[in-house]
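Commentary on secondary and tertiary structure
Residues per chain are reported as follows:
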6 protein chains.
Amino acid sequence: MRPSGRQPDQLRNITLTCHYTKHAEGSVQVEFGDTRVICTASVDERVPGFLKGKGSGWITAEYGMLPRSTHSRMDREAARGKQAGRTQEIQRLIGRSLRAAVDLTALGERTITIDCDVIQADGGTRTAAITGGFVALCLAVDKLIKNRKIKASPVHGQIASVSVGIHQGVPVLDLDYAEDGSAETDMNVVMNDAGAFVEVQGTAEGHAFRRDELNAMLDLADKGITELMAKQREALDAARKG
Amino acid sequence: MRPSGRQPDQLRNITLTCHYTKHAEGSVQVEFGDTRVICTASVDERVPGFLKGKGSGWITAEYGMLPRSTHSRMDREAARGKQAGRTQEIQRLIGRSLRAAVDLTALGERTITIDCDVIQADGGTRTAAITGGFVALCLAVDKLIKNRKIKASPVHGQIASVSVGIHQGVPVLDLDYAEDGSAETDMNVVMNDAGAFVEVQGTAEGHAFRRDELNAMLDLADKGITELMAKQREALDAARKG
Amino acid sequence: MRPSGRQPDQLRNITLTCHYTKHAEGSVQVEFGDTRVICTASVDERVPGFLKGKGSGWITAEYGMLPRSTHSRMDREAARGKQAGRTQEIQRLIGRSLRAAVDLTALGERTITIDCDVIQADGGTRTAAITGGFVALCLAVDKLIKNRKIKASPVHGQIASVSVGIHQGVPVLDLDYAEDGSAETDMNVVMNDAGAFVEVQGTAEGHAFRRDELNAMLDLADKGITELMAKQREALDAARKG
Amino acid sequence: MRPSGRQPDQLRNITLTCHYTKHAEGSVQVEFGDTRVICTASVDERVPGFLKGKGSGWITAEYGMLPRSTHSRMDREAARGKQAGRTQEIQRLIGRSLRAAVDLTALGERTITIDCDVIQADGGTRTAAITGGFVALCLAVDKLIKNRKIKASPVHGQIASVSVGIHQGVPVLDLDYAEDGSAETDMNVVMNDAGAFVEVQGTAEGHAFRRDELNAMLDLADKGITELMAKQREALDAARKG
Amino acid sequence: MRPSGRQPDQLRNITLTCHYTKHAEGSVQVEFGDTRVICTASVDERVPGFLKGKGSGWITAEYGMLPRSTHSRMDREAARGKQAGRTQEIQRLIGRSLRAAVDLTALGERTITIDCDVIQADGGTRTAAITGGFVALCLAVDKLIKNRKIKASPVHGQIASVSVGIHQGVPVLDLDYAEDGSAETDMNVVMNDAGAFVEVQGTAEGHAFRRDELNAMLDLADKGITELMAKQREALDAARKG
Amino acid sequence: MRPSGRQPDQLRNITLTCHYTKHAEGSVQVEFGDTRVICTASVDERVPGFLKGKGSGWITAEYGMLPRSTHSRMDREAARGKQAGRTQEIQRLIGRSLRAAVDLTALGERTITIDCDVIQADGGTRTAAITGGFVALCLAVDKLIKNRKIKASPVHGQIASVSVGIHQGVPVLDLDYAEDGSAETDMNVVMNDAGAFVEVQGTAEGHAFRRDELNAMLDLADKGITELMAKQREALDAARKG
């Protein structure tokens, strides 16, 4: 039995609130149960040095947690003067995942920065950030088209992410904090709408996992991501109409 | 005429949403119009080195802005590796202001950290942070009493804050971003419920201000803070009942 | 009775020694009693990035304390690898205060940096720095005129600063270290030669201050600043003749 | 055809030189073709703060590259003043992977730090580091047993790692630099001697990978790691005899 | 001919002003011509971690330059967030040199920190700092004896320092800034009152120096240091009487 | 008797292995007994800001130690976020020493960076780094000539370095770690092939050294450096033949 009472293949309640803040070109609050992340997409009409003059745009991501988004207060990274290794690992993952769905040349020489800030953490913040970040990215692209900066969307696929794991011997979907701490294996999966993998990151916490366990987890991820993509499309449709 | 159409002595819509996040001992989202700040109060059963063994508690504050809380995206302070001078100035102000209402000895040897994170900025973030931070502090103290860590509240006064300024020659209350940029003088006032001043910080932006202008601004601040304190009491009453 | 035996409205001995060091375009040692600060003004024929090509100059300030300028040795900020929040707050205050007296467009596209380094601290270092920094600024402007970089002085007013406070219930002028630690309220006031306020920063240390106390302190500040401005003019006159 | 002329399932020449330096408790130079990494294991009779008094030991890893281990010179991280995100990600991976093979309670309250420094980079430095780091760890444990600090080895499994990928549509084993840059998919796999997965980290560089491609890559990884483990046992046997 | 008109073996005017500031246990302003350095000695009743419980004291030094002590303004190291290599090299040299004259065990478990801050630079700041730092150290030791913290002085020798060089083919003593920039060789020498060397640091700037040139420079250093030591004794005698 | 059994004027076994790594324009492993340092020379077709457009090239050096190159593990400087004072002092010394043998104008507007990374430390790492760094520099210059970037070598002299000291009252050559810790005096000498000094850095560790002791040490350095230069020429000859 899962601590939350959910079925092994059941996602938490998923909410995507578009236009959550007013300044960003795209903004979304994404909730995976009690995990809440604000994702904003900011357009900058410049590219990093390594891309200057190459006719290509860039998508990058930054990630942060409010100090008291967690059970006990964490040090503020700005006050400590550096980002933790975990933070850098997550923001690199978000950036890579979203770039996999974008034709950077079609974007033109501009950068879209996806900021993912965790307001409340209850497990799965990086998968929520990727899922919400994709929606924020689409909203920012909508604005670029509306403002006639680009003619067609450079976003050629849909990206979503979910965690899977093995909890008390049972493969489960979308781990919350209570499960995450006691899971034997934890895997974050990022997929596109063709059902192919963009990232697979599995870590054995307690005991190493066999090939059949890996396959069971990937089946769950596939099911969960299909549901998340439906939620993303719903949210975008509503935002575009509204 | 003010850009917002408000009267010179009129506050923006003020909202205080208690228990905004679930982990912190006290948490509030405070809105001064479009300015939104999440304030959390976290209790730590330790004190900083300079207070160890002295029988006194401590109240401190940290302040941050989400990178895209502003019109154009700011650099993330955690990524730049240091907090700006403005950030440090504001968090020192919040901490001093709230300590003015607390008997630190009665608090006992523990620290309450008030984190104020700006989700959306539209002028007056520091005054909103002090006003909301006071409510978060009270909620955290409620919890300490409920958990029998302390018997009576060490909070002996009420603290709120508002900005005043001179805009197009007219003294006005609670400047928003549109006014802030063009104000000739900007003053942040922190008062207690006895109507006395805890902090007065006035800066001539355009031209220096005379004594009569100072007095007109302080009258406005007095009126605004009285109204903010009513809002604080309402919010705390509702949270304590609810 | 004040620890120093001074009258409530009496300044400490004020000394301004022009041309204190030989390399800077302007340099002054300012003494407020035992508080000694070296102020230098350095001209750089460039402006910060945000002003490039806008036809405006810039005045900025930096502040530091020698590690043993204080009763017990402080860590050297260069060795700790960052400036304290207090340091940043003070240097921002000095810069803002001096800019209030300068027509930045008339200065032309150049920067004057005022370095204020405390050799010996005995209370009121920031007010001494502003008062001495103004003199160093004028000397550097004299040099720009002499070297035909500019035709007329862009300095259109006079700036000085003093602290006031309430000590044992009595409003007093120009607090020294012995008073500063036990004052109930501490206020730094920056004024111009028209008698208007450029900065008012009052902090209740012990108990909040009432409007009548605020007014008594501002009266003292006005008197003290008038005297400081006479000292500044004397020092500048002597330096210009000498 | 692979740039190196290797078969798709063929490892590069693998060399493990034990006792490569004299001070460390365990030291190895590992070569995967032209990739050369020095791995040392250092024993410290203390544990990090979060483990003090808990009866558990710790294994951690640090990773670095000599500035000119690469085709063009990289900045030295010590001179830049911080470790890149990639560096932190790799050292976290090495540490997690090796901890999966060690009973930390049986290790006792001490830390073994695995330093992996890349002398020459030609692709696959992190997999070489894990494979060589495991051997250095075993040598350090041998020394602890020899010096009667512990009675039996806390290492309960064998760990090795290899990269796999899809190059020009073909799944290949142990990518070198020439392949790495042009691979469509890159996956690092860490396994134990029971044939189970400790880490699986796959990233689609060019196009997302399907489940059948994932399976083909995992088959190759399994074959490669079996061969690497034979090399590890050979090297350890020789070092223990020699 | 030297730019200053001095003889090759002639020091600049040397002044040592004891008790230059009031808080430090020992303080001196040292002038070598236009080079002015404030040296303070601060006693701390603790030792660094590596000496705890070993019955030994410690002497250490820190060095800094006011940003406008030089011809053109340098960046403030506290603002840049780190000390330059040159700064660290100099403060290590000062510390080593002064430790050579002190019996650290007789000092007891306390640290004396010598802060050397350059107010005005005109060549030879490090040799002035060592020469003045020695006097500040002696004054601080006097205070320890007077306060009955130690019975006898742990200072068992006298230390002074001067620069020598080869300027336009001629060996010269005590280089000023004008000579320093064009000298072919620059050497800093630290000696004790037995005429032996504590530090010799010679650097060929233009052309390498032969053994006979080295000897000529060392002869000059010997002469200069003898004179500096007389100045030190005079200053200490006056301070001890006064 | 020396701990190693060597004669007072005897160097350790010296080995210079050219082309030690494959990417750098010049690379050498230098061994002074058990001290092993990898020296690489990297050519960059740019110069630092202060040399731009001046028609001059630049030679600079960086130095590092692998964390476990030493008896007990040192902190990794990249992880600590800054280079120690000792590191900066050494890399400044290496750069200055090598620049003394190069006509920077003849080098053209390019920079050669010498990275010296200590794999195993047993005393004398800085002198080994200079001696090996010179060879790496020559190999990189060979490549520039071969690639027709420059016509003739800008290296106009030969540079090598050795340490000397006084151990148990006896002047000795090329101190190893066992001697270094107990030496009364330690001196690093850098000379050119004309027998003149480029750097002389002597430090009294235990007791100050007299002029006759200095001379005895310099005689030993002269002998040792002559032998090291023969080794450098041999290694370069062999490498050039191929």
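Source: prediction; values computed, not measured.

When helices and strands are counted, chain A shows six helices and nine strands. Principal-axis analysis of the C-alpha atoms gives chain A an extent of 55 × 40 × 35 Å. Within chain A, counting contacts between residues at least 6 apart in sequence, those at least 24 apart form 69% of the total. When the accessible surface of chain A is split by element, carbon and sulfur atoms take 47% of a total near 9,200 Å². Side chains of chain A give 31 positive and 32 negative charges; the mean places of these two sets differ by 8 Å.

Glancing now at the interface of chain A and chain B. Across the contact, 38 residues belong to chain A and 38 residues belong to chain B. For the pair chain A and chain B, the summed buried area comes to about 2,900 Å², and 47% of that belongs to carbon and sulfur atoms. The three residues of chain A that bury the most area against chain B are His23, Arg68 and Arg76 of chain A, which together make up 26% of that side's buried surface. Here glutamate 62 of chain B makes a salt bridge to arginine 76 of chain A, at a shortest N to O gap of 2.9 Å. If you look at where chain A meets chain B, you find 26 residue pairs in polar contact (both at pLDDT 80 or more).

With that out of the way, let us pick up the pattern of salt bridges. Inspection of every chain in the model, using the stated rule, returns 144 salt bridges over all chains. Residue arginine 68 of chain A pairs with glutamate 25 of chain B through a salt bridge whose shortest N-O separation is 2.6 Å. Taken together, the positions of arginine 68 of chain A in the loop between strand E4 (58–65) and helix H1 (77–80) and glutamate 25 of chain B in the loop between strand E1 (14–18) and strand E2 (26–32) put the pair across two chains. In this structure glutamate 25 of chain B comes out as partly exposed when scored by relative accessible area, which is 21%. Here glutamate 213 of chain D and arginine 210 of chain D are joined by a salt bridge, their closest N and O atoms 3.6 Å apart. Within the structure, one salt-bridge network assembled from shared partners comprises Arg2, Arg6, Arg12, Asp174, Asp176 and Glu179 of chain A.

What follows concerns the UniProt feature "binding site: phosphate" (unreviewed entry) in chain A. All names here are of chain A. Following the UniProt record, one finds the feature "binding site: phosphate" (unreviewed entry) at Arg86, Gly124, Thr125 and Arg126. Spatial clustering of the annotated residues is evident: they stretch over 41 residues in sequence, but the largest pairwise C-alpha distance comes to 13.4 Å. Residue placement: threonine 125 occurs in helix H4 (residues 125–146). Residue threonine 125 is classed as buried on the basis of its relative accessible area, which comes to 7%. In this structure threonine 125 touches Thr35, Val37, Tyr63, Arg86 and Val118, once residues within four positions along its chain are discounted. Mapping arginine 126 onto the fold places it in helix H4.

Another aspect to go through is the confidence of the model for chain A. In this model, chain A carries an average pLDDT of 96, and 100% of its residues clear a pLDDT of 70 or more. With pTM at 0.93, the complex prediction returns an ipTM value of 0.95.

In this complex, chain E contributes 38 residues to the contact, which on the side of chain C involves 38 residues. Buried surface at the junction of chain E and chain C, both sides included, amounts to about 2,900 Å², of which 47% is carbon and sulfur. Inspection of the chain E/chain C interface yields 16 salt bridges. Aspartate 34 of chain C serves as the salt-bridge partner of lysine 22 of chain E, at 2.7 Å between the closest nitrogen and oxygen. For the pair chain E and chain C, the interface holds 27 residue pairs in polar contact (both at pLDDT 80 or more). Elements represented by at least two residues in the side of chain E that touches chain C include exactly strand E3 (35–44), strand E4 (58–65), helix H1 (77–80) and strand E5 (111–120) of chain E. Of the residues belonging to the side of chain E that touches chain C, the class tally is 13 nonpolar, 12 polar and 13 charged.

Let's shift gears to the sheet that holds strand E2 (residues 26–32) of chain E. Residue and element names in this part refer to chain E. Pairing in this open sheet of five strands is mixed, and the strands run E1-E2-E3-E5-E4 from one edge to the other. Each having just a single partner strand, strand E1 (14–18) and E4 make up the two edges of the open sheet. Along the sheet, successive strands turn relative to each other by an average axial angle of 20°, direction set aside. Pairing analysis gives eight bridges linking E4 to E5, with the strands arranged parallel. From the neighbouring strand, isoleucine 59 faces E5, where its bridge partner is isoleucine 112. The strands touched by helix H2 (residues 85–99) within the sheet are E4 and E5, with E4 carrying the most contacts at an inclination of about 145°. Sitting on the sheet, helix H4 (residues 125–146) is in contact with E1, E2, E3, E4 and E5, with an inclination near 35° to E3.

All names here are of chain D. Helix length check: helix H2 (residues 85–99), at 15 residues, gives a terminal C-alpha distance of 21 Å against a target of 21 Å (1.5 Å per residue), a fit within 8%. Within H2, 11 of the 15 residues are buried, which leaves it mostly tucked inside the rest of the structure. For H2, the full list of buried residues reads Gly85, Thr87, Gln88, Glu89, Ile90, Gln91, Leu93, Ile94, Gly95, Ser97 and Leu98.

For the rest of this paragraph, the subject is the environment of alanine 79 of chain E. As for its position among the elements, alanine 79 of chain E is in helix H1. Its relative accessible area of 27% is what places alanine 79 of chain E among the partly exposed residues. Through-space distance from the C-alpha of alanine 79 of chain E to that of arginine 240 of chain E is 39 Å; in sequence the pair is 161 residues apart. Aside from chain neighbours lying at most four places away, what touches alanine 79 of chain E is Lys82 of chain B together with Glu62 and Gln83 of chain C.

This part covers unusual backbone geometry. All names here are of chain D. Here arginine 148, not a glycine, exhibits a phi torsion of approximately 60°, which is positive. Take arginine 148: it is sitting in the loop between helix H4 (125–146) and strand E6 (159–167). In this structure arginine 148 comes out as exposed when scored by relative accessible area, which is 77%.

A rotation about an axis combined with a shift along that same axis relates the two copies of the chain. For these two chains of identical sequence, chain E goes onto chain C by a turn of 180° and a shift of 0.0 Å along the axis, with RMSD 0.0 Å. Accordingly, the operation relating the two chain copies is best matched by a two-fold axis. Most of the interface of chain E is mirrored in chain C, where 100% of its interface residues again form contacts.

What follows is about the UniProt feature "domain: Exoribonuclease phosphorolytic" (unreviewed entry) in chain A. Using the residue numbers shown here, the UniProt feature "domain: Exoribonuclease phosphorolytic" (unreviewed entry) corresponds to residues 10–140 and 158–223 of chain A. Secondary structure content for residues 158–223 of chain A is 29% helix and 44% strand, and the end C-alpha separation is 15 Å.

Criteria and thresholds
- Residues numbered from 1 in each chain as written.
- Chains lettered and ligands numbered in written order.
- Predicted model: local features only at pLDDT ≥ 70, side-chain atom pairs only at ≥ 80, totals over all residues.
- Heavy atoms only, no water.
- Helix = DSSP H or I, 4+ residues; strand = E, 2+ residues; numbered from the N terminus.
- Contact = heavy atoms within 4.5 Å.
- Areas by Shrake-Rupley, 256 points an atom, 1.4 Å probe, with all protein chains shown as cover.
- Lys, Arg positive; Asp, Glu negative; His and termini not counted.
- Charge placed at Lys NZ, Arg CZ, Asp CG, Glu CD.
- Buried area = accessible area lost by both parts, 1.4 Å probe.
- Salt bridge = Lys/Arg side-chain N within 4 Å of Asp/Glu carboxyl O.
- Polar contact = N/O pair within 3.5 Å; in protein donor to acceptor, adjacent residues only side chain to side chain.
- Buried < 20%, exposed > 50% of the residue type's maximum accessible area, 1.4 Å probe, protein only.
- UniProt positions renumbered as here; feature names shortened; annotations may be inferred.
- pLDDT = per-residue confidence, 0-100.
- Nonpolar A, V, L, I, M, F, W, Y, C, P; charged D, E, K, R; others polar.
- Pairing = 2+ DSSP bridges.
- Axes fitted to C-alpha atoms, helices over the stretch in contact; angles between N-to-C directions.
- Expected span 1.5 Å × (residues − 1).
- Least-squares fit on C-alpha atoms with pLDDT ≥ 70 in both.

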